[in-house]
Amino acid sequence: MEWLNIILQGVLVGGLYAMFAAGLSLIFGVMRLVNIAHGDLIVLAAYVALVATDALGVNPLLSLVVVVPVMAALGYALQWLVLNRTLGDDLLPPLLVTFGLSVIIQNGLLELFTADSRKLQAGAIETASLHLGGGLAVGTLPLLQFVVAVAVIAALQALFYRTALGRAFRATSDDQSVAQLMGLDNRHVFALAMALSLAVVAIAGVFLAVRANFDPSIGPARLIFGFEAVIMGGLGSLWGTLAGGIILGVAQAIGAQLDPGWQLLAGHIAFLIVLALRPEGLFPKVQG
Amino acid sequence: MPDPLLEVRALDAGYGDFQALFGVSLAVAAGQVVAVIGANGAGKSTLLKSIAGVMPSRRDAVRFDGEPVGDLPAHRRVARGIALVPEGRRLFPSLSVEENLKIGGQLGRPGPWALARIYELFPVLAERRSQPATSLSGGQQQMVAIGRALMSNPKLLLCDEISLGLAPIVVREIYARLPAIVAEGLSLVIVEQDIVQALAAASQVYCLQEGRVALEGAAGALTREAIAAAYFGV
Amino acid sequence: MSVTAEATPGVKVAHATPSSRIGVALFVVVFVALAAAPYWGDRQSLRLLAEIFAYVALASLWNLLAGYAGLVSVGQQAYVGLGAYLLFALTMLLDLPPLAAIPLAGLIAAIAAVPVAALIFRLRGHYFAIGTWVVAEVFRLLAAQVSVLGGGSGISLPVGIITAIAPTRQWREFIVYWVALALVVMVLLVTVALLRSRYGLALTAIRDNELAARSNGIDVRRIKLAIYVGVAFGTAMIGALIFLQKIRISPDTAFSVNDWTAFVIFITVIGGIGRVEGPIIGTIVFFLLRQTLADLGSLYLLMLGAVAILVMLKAPKGIWGLIADRFGWQMFPLERRVIS
């Protein structure tokens, strides 16, 4: 029974990892860009939530109303002013520019907020739990986060496959120059995609802030979790990303149960095993 | 006499060090069908790409609806009413037939062309509307490409080698639809290697040879010898 | 590998240019001066110079990997740390003399690089880059599990091992310095020799157009593997040397992304990617900046990041790239001119 509980916790954490991954996956799908600063942007969102919560005196979960638009606007500006200039066949510029961005964000946050560990208090919901019978219990907050993660992925799927914007994303990803012939301004499409990605990052950041301690240096680890979830799930598939996140969460939970020092290692090993046995991921979408 | 809808003035165009067009001039009146013929490499596609804005040109080199548009990027020219059916169809593989058509209408320009009317024009597409666009036959894909361009309700439709790679019977089928397309005053520029179809469909013909206009005139007035001479440069 | 080098009668390939002759002469003069540094420099300067050599070497190796073979890695700290830990293990647990342990550490790391490559070569482009980071993280976590080498908090090299290098402290410093100089010169010479050879031509082809290179019979996969393993070998030896000098090791310092990847990447980008001279110029600029700005702490890193971004956007070929384009200079004889 204890193991079942452990696995359940792992599944719920997996939802959070899937949210880390969804924004990453989206950007790669639309413009073949991997944003090395992605994890640091999640941490940035957490700090924005910190500032918003302090300034407005509201529950951190409500600060989403501020954090999401702020991060989305930041994403649009970032893509329009900086990242659009790096797109092209050469993979060095976007990689190095986003790496530089990662360093800037980490050190900027360090300057502004010091290396002190923070955490946002969401109140009673943090300790509340749901008893599922048979000795199984889940925390209400983790459950909420998981449900939101599933909802976000479902919403992204719907957006991509049922709306005009999603059509524009897919068309631009297929063929940039013909997309222009449809009247689409590529710069604007890419900037919207980044804005969307950072909106998801904002949600992930707020959840991160409420769930655990955070400080400016934890960005890269979030990037790696997101990346591992994307690769394990399969490139191009958002639901696959959810599966990948769950696998990662469960692997880490099992590892932690065996020995607290093995938590991260267990996750990485699960990733390496999937990479060795099924490099295309578990649910790859064939890219058209 | 009113300004032509499209005016190309002494257009130069090239790819890096290679110049493809040398001072090409051309005019298309409203409602007119113009054919541009020439051998491979003569510069026909380059001409269409320059008109559509896929390739850059001097501000005044392309004038549309009385205004210089040479410095406008491609997506802004679509908004003005220029649509290109690109060489090789270039449908979006991730989109279905219907989605390819719908994205053509992304800008929402007012006009007679809508999904229902495209399906009327090309009934076979209605049957396959949910299939991935690239799973259709070559001829059907060409219909999707044309329909997609029409969905933007253009004033000027540019067709780049729509007969390429298609069986003659399919080509005839597509060209048979052209009258319905231009019936409401749409202007057309067709680039073709199939001279017979081009001359049958058009009222004015330009022949390009190595990046220059070697011959121009009314379709009916040009002799076969003159065309052959201009085409091959003998 | 079917890049043939049959001699065509009456045709030769020349490599030197007027500027490269000056460059090579300069290189020799500087080398002699540096080799004599123990006689004119004080302890501080020797340490600083050794650090500069280490960064020139690390950056040159990263340049070879990313700028020439197209394998952009943000995880080379894996091998810096592995080399360092191997040095500590070989000297402390197997009683090997430290100077012998350095090349051995390199060799073991090179062997370890083979299965690592087998795994991460399944990833492409940007995902490959993050994959290298994951590998470094795995190495770091594993190192923290090895309690006999200090576990998570690290360990110091016993005095006995250090004194085994030489009888006096002064001579120990001199020897470690000369080893550092020898390593960086070796890296540079091997790099230049490689680029002058037909493999170098193959590398340039791969960098310019991998598909075309492959269709011309170049075994892209084998070359990339060879470069990856070779760079791991060099990087590990430098890591071993760096921590021999530092005397103390811990997982976080040995596998630090900042120290061994961020700085190295910035050096190479600012100096000029894809050119042998780039890492040298970049290291000089980096250390000049550090001397003047290091008190600013994280602000300094922030500025470094901003400068790297600006350089990537405005001058992607780096400082040497600008100079080479403007004046056509080369420090090393790497040109290829056919003369008949």
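Structure shown above.
The structure presented is a predicted model; accordingly, all values stated were derived computationally and were not measured.

A. Fine view of the overall build of chain B. Counting its secondary structure elements, chain B contains 9 helices and 10 strands. Since a compact globule built from 234 residues should have a radius of gyration of about 17 Å, the 17 Å found for chain B is in line with a globular shape. Considering only C-alpha atoms, chain B reaches an extent of 50 × 40 × 35 Å along its principal axes. Taking all 234 residues of chain B together, the buried fraction comes to 54%. Across chain B, contacts joining residues at least 24 apart in sequence account for 67% of those joining residues at least 6 apart. Here chain B holds 22 positive side-chain charges and 22 negative ones, and the gap between their average locations is 4 Å.

B. Representation of the packing of helix 9 (residues 219-233) of chain A against helix 11 (residues 263-277) of chain A within the structure. Residue and element names in this part refer to chain A. For the pair helix 9 and helix 11, interaxial distance at closest approach is 10 Å and the crossing angle is 30°. With respect to their mutual orientation, helix 9 and helix 11 come out roughly parallel. Viewed along their axes, helix 9 and helix 11 form a crossing whose handedness is left-handed. Taken together, the residues of helix 11 that come into contact with helix 9 (itself represented by Ile224, Phe225, Phe227, Glu228, Ile231 and Met232) are Leu264, Gly267, His268, Ala270, Phe271, Val274 and Leu275. In the contact of helix 9 with helix 11, the residues fall into 10 nonpolar, 2 polar and 1 charged.

C. Representation of the interface of chain A and chain B within the structure. Contacts between chain A and chain B engage 18 residues on the former and 19 residues on the latter. Carbon and sulfur atoms supply 62% of the area buried between chain A and chain B, which totals about 1,800 Å² over both sides. Considering only the surface of chain A that becomes buried against chain B, Arg167, Leu181 and Met182 of chain A emerge as the three largest contributors, covering 38% of it. The shortest N-O distance in the salt bridge between Glu99 of chain B and Arg170 of chain A comes to 2.6 Å. Those elements that provide at least two residues to the side of chain A that touches chain B are helix 6 (164-174) and helix 7 (176-181) of chain A. Ranked by residue count, the leading element in the side of chain A that touches chain B is helix 6 of chain A, at 6 residues. Of the residues contributing to the side of chain A that touches chain B, the split by class is 9 nonpolar, 4 polar and 5 charged.

D. Geometry of the pattern of salt bridges. Within this structure, the stated rule accounts for 19 salt bridges over all chains. Note that Asp175 of chain A is salt-bridged to Arg90 of chain B, the shortest N-O span being 2.9 Å. Here Asp175 of chain A is found in the loop between helix 6 and helix 7, whereas its partner Arg90 of chain B is found in the loop between strand 6 (82-85) and helix 3 (97-104) on a different chain. On the basis of relative accessibility, which here comes to 35%, the residue Arg90 of chain B falls in the partly exposed class. Residue Arg278 of chain A pairs with Glu280 of chain A through a salt bridge whose shortest N-O separation is 3.7 Å.

E. Representation of the interface of chain A and chain C in the model. On the side of chain C, 36 residues touch chain A, which itself brings 41 residues to the contact. Where chain A abuts chain C, roughly 3,700 Å² becomes buried across the two surfaces, and 84% of that area is made up of carbon and sulfur atoms. When the buried area of chain A at its contact with chain C is split by residue, Leu96, Phe99 and Phe227 of chain A rank highest and sum to 16% of it. Run the count over chain A and chain C and you get 0 salt bridges. At the boundary of chain A with chain C, the tally comes to 3 residue pairs in polar contact (both at pLDDT 80 or more). Among the elements that make up the side of chain A that touches chain C, the one with the highest residue count is helix 4 (residues 92-113) of chain A (15 residues). By residue class, the composition of the side of chain A that touches chain C is 31 nonpolar, 6 polar and 4 charged.

F. Representation of the packing of aromatic side chains. One pass over the structure, following the stated rule, counts 29 aromatic pairs over all chains. Between Tyr55 of chain C and Phe287 of chain C the ring centres are 5.9 Å apart and the planes differ by 65°, which places this aromatic pair in the edge-to-face class. With Tyr55 of chain C in helix 3 (residues 43-68) and Phe287 of chain C in helix 14 (residues 277-293), the pair connects residues that are 232 residues apart, well separated along the chain. With relative accessibility at 5%, the residue Phe287 of chain C sits in the buried group. Above the face of the Trp113 of chain B ring, Arg117 of chain B is positioned so that its terminal group lies 4.2 Å from the ring centre. Of note, Arg212 of chain B hangs over the ring of Phe22 of chain B, and the distance from its end group to the ring centre comes to 4.2 Å.

G. The sheet that holds strand 1 (residues 6-15) of chain B, seen in detail. All names here are of chain B. Reading across from one edge, 2-1-4-5 is the order of the 4 strands in this open sheet, with antiparallel pairing throughout. With partners counted over all chains shown, the strands left at the sheet margins are strand 2 (18-28) and strand 5 (67-68), one partner each. Relative to strand 4 (residues 62-64), strand 1 runs antiparallel, the two sharing 3 bridges. Bridging from a neighbouring strand, Glu7 pairs with Arg63 of strand 4. Along the sheet, helix 1 (residues 44-52) makes contact with strand 1, strand 2 and strand 4, crossing strand 1 at roughly 115°.

H. Region of interest: the nonpolar core. Ranked by internal contacts, the top residues of the largest apolar core, which has 251 residues, are Leu47 and Leu156 of chain B together with Tyr79 and Tyr228 of chain C. If you tally residues by element for this core, the top one is helix 3 of chain C, at 16 residues. When neighbours within four sequence positions are excluded, Tyr79 of chain C is seen to be in contact with Ala109, Ala113, Val116, Phe139, Tyr228, Ala232, Thr235 and Ala236 of chain C. Val85, Leu101, Ile146 and Cys207 of chain B belong to the second largest nonpolar core, which has 47 residues in total.

I. Spotlight on the arrangement of the chains. Highest in contacts among the 2 pairs of chains that touch are chains A and C. Contact between chain B and chain C is absent, and the least distance between their C-alpha atoms amounts to 18 Å.

J. Broad picture of the sheet that holds strand 3 (residues 33-38) of chain B. Residues and elements named next belong to chain B. The sheet built from 6 strands is open, its strands ordered 6-7-8-3-9-10 with mixed pairing. Every interior strand has two partners, whereas the edge strands, strand 6 and strand 10 (212-218), have only one. Taken over all neighbouring pairs, the strand axes of this sheet differ in orientation by 15° on average, direction set aside. In this structure, strand 3 lies alongside strand 8 (residues 187-192), joined through 5 bridges in parallel fashion. The residue of strand 8 that forms the bridge with Val34 is Val189. Across the sheet, helix 6 (residues 138-150) touches strand 6 and strand 7 (156-160), and the angle it forms with strand 6 is around 170°. Across the sheet, helix 9 (residues 224-232) touches strand 3, strand 9 (204-209) and strand 10, and the angle it forms with strand 9 is around 35°.

K. Inspection of unusual backbone geometry at higher detail. Phi is positive for Thr114 of chain A, which is not a glycine, with a value near 60°. When you line up the elements, Thr114 of chain A lands in the loop between helix 4 and strand 1 (129-133). Accessibility expressed as a relative area gives 37% for Thr114 of chain A, which makes it partly exposed. For Arg89 of chain B, which is not glycine, the phi torsion reads 70° and is therefore positive. Topologically, Arg89 of chain B is positioned in the loop between strand 6 and helix 3.

L. Just helix 5 (residues 140-162) of chain A, in detail. With 23 residues, helix 5 of chain A ought to run about 33 Å at 1.5 Å a step, and its terminal C-alpha atoms sit 32 Å apart, in line with that. When helix 5 of chain A is considered as a whole, its buried residues turn out to be Leu141, Pro142, Gln145, Phe146, Ala149, Val152, Ile153, Leu156, Gln157 and Phe160 of chain A.

M. Up close: the packing of helix 5 of chain A against helix 8 (residues 186-211) of chain A. Residues and elements named next belong to chain A. Where helix 5 contacts helix 8, the axes come no closer than 11 Å and their chain directions differ by 175°. By the angle between their axes, helix 5 is roughly antiparallel relative to helix 8. On the side of helix 5, the interface is formed by Leu141, Pro142, Gln145, Val148, Val152, Leu156 and Leu159, while helix 8 contributes Leu196, Val200, Ile203, Phe207, Val210 and Arg211. Grouping the amino acids of the contact of helix 5 with helix 8 by side-chain chemistry returns 11 nonpolar, 1 polar and 1 charged.

Definitions and cut-offs
- Residues numbered from 1 in each chain as written.
- Chains lettered and ligands numbered in written order.
- Predicted model: local features only at pLDDT ≥ 70, side-chain atom pairs only at ≥ 80, totals over all residues.
- Heavy atoms only, no water.
- Helix = DSSP H or I, 4+ residues; strand = E, 2+ residues; numbered from the N terminus.
- Rg over C-alpha atoms; globule rule 2.2 N^0.38 Å.
- Buried < 20%, exposed > 50% of the residue type's maximum accessible area, 1.4 Å probe, protein only.
- Contact = heavy atoms within 4.5 Å.
- Lys, Arg positive; Asp, Glu negative; His and termini not counted.
- Charge placed at Lys NZ, Arg CZ, Asp CG, Glu CD.
- Axes fitted to C-alpha atoms, helices over the stretch in contact; angles between N-to-C directions.
- Parallel < 35°, antiparallel > 145°, perpendicular 65-115°, else oblique.
- Left-handed = near helix turned anticlockwise from the far one by under 90°.
- Nonpolar A, V, L, I, M, F, W, Y, C, P; charged D, E, K, R; others polar.
- Buried area = accessible area lost by both parts, 1.4 Å probe.
- Salt bridge = Lys/Arg side-chain N within 4 Å of Asp/Glu carboxyl O.
- Polar contact = N/O pair within 3.5 Å; in protein donor to acceptor, adjacent residues only side chain to side chain.
- Phe/Tyr/Trp six-rings, centres within 6.5 Å; stacked < 30°, edge-to-face > 60°.
- Lys NZ or Arg CZ within 6 Å of the ring centre and 35° of its normal.
- Pairing = 2+ DSSP bridges.
- Core = buried A, V, L, I, M, F, W, Y, C linked by side-chain atoms within 4.5 Å.
- Expected span 1.5 Å × (residues − 1).

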